[in-house]
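Observations on chain architecture
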Amino acid sequence: MSTYTPGQPVTAIVQRIEIHKLRQGDNLILGFSIGGGIDQDPGQNPFSGDKTDKGIYVTRITPGGPAHEAGLRMGDKIMQVNGWDMTMVTHDQARKTLTKKNEDTVRLLVTRKSLEDVVKNSMGSYPRQ
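Quick summary incoming for the structure in this document. Every chain's residues receive numbers from 1 upward, in the order its sequence appears when written. For this predicted model, a pLDDT threshold of at least 70 governs which residues receive local features, and a threshold of 80 or more governs which side-chain atom pairs are given and counted, while totals over whole chains, interfaces and linings are taken from all residues. In computing side-chain values, all of the structure's heavy atoms are included and hydrogens and water are not.

Some points on the overall build of the protein
Counting from the N terminus, the helices are DSSP H or I runs at least four residues long and the strands are E runs at least two residues long. Along the backbone of the protein there are three helices and eight strands. Along its sequence from the N terminus, the protein presents helices and strands in the succession β-β-β-β-β-α-β-β-α-β-α. Exposed residues in this analysis have more than 50% of their type's maximum accessible area, buried residues have under 20%, and partly exposed residues fall in between, with area computed by a 1.4 Å probe over protein chains only. Across the 129 residues that make up the protein, the buried fraction comes to 34%. Restricting to contacts in the protein with at least 6 residues of sequence separation, those with at least 24 account for 66%. In short, Shrake-Rupley with a 1.4 Å probe defines the accessible areas, and a residue's cover is counted only from the protein chains shown. Accessible surface, the protein: about 8400 Å² in total, of which carbon and sulfur atoms supply 51%. In this description, contact between two residues means that some pair of their heavy atoms is separated by no more than 4.5 Å.

Printed below as a string of structure tokens:
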């Protein structure tokens, strides 16, 4: 596991996910919950590999909900929301960015362990020329 220094550039394999919020009365539903943030204890985050990562992670997905339909997965780490950096935010800042009332669509950049594993495993598999 590589160590990450907060505030330094990070290289990650990312996936773009666009979620169209579901309108229920006055509420806009995303269909997922988050955990983490710079104000939270990373040791309590089951998705933090080395237990020092204070990133924002998807902790729950509502089956059949907007996030599920868009392809978001439990354990995904949210890197950006509509262009806003999510790598150094509090839990509350992340929640407020995700749930803005005037935005019907949320565009996420996420990274997930399986994406990184696929790239790492493919690195040495090409025949040498």
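Some thoughts on the nonpolar core
Within the largest apolar cluster, 19 residues are counted, with the highest numbers of intra-cluster contacts made by Ile19, Phe32, Leu72, Ile78, Leu98 and Leu108. If you list the elements that add at least two residues to this core, you get β1 (15–20), β4 (32–36), β5 (56–61), β6 (77–81), α2 (91–98) and β8 (105–111). Ignoring sequence-local partners within four residues, the contact set of Leu98 consists of Lys21, Leu30, Phe32, Ile34, Ile78, Val81, Val106 and Leu108. Joining through side-chain atoms within 4.5 Å is the link that ties buried Ala, Val, Leu, Ile, Met, Phe, Trp, Tyr and Cys residues into a set, and such a set is a nonpolar core.

A short note on α2
Among all positions of α2, only Ala94, Thr97 and Leu98 are buried. One side of α2 holds all its buried residues, which, seen down the axis, span an arc of 95°. On its buried face, α2 is in contact with β4, β5, β6, β7 (84–85) and β8. To obtain the arc, one takes the directions from the helix axis to the C-beta atoms.

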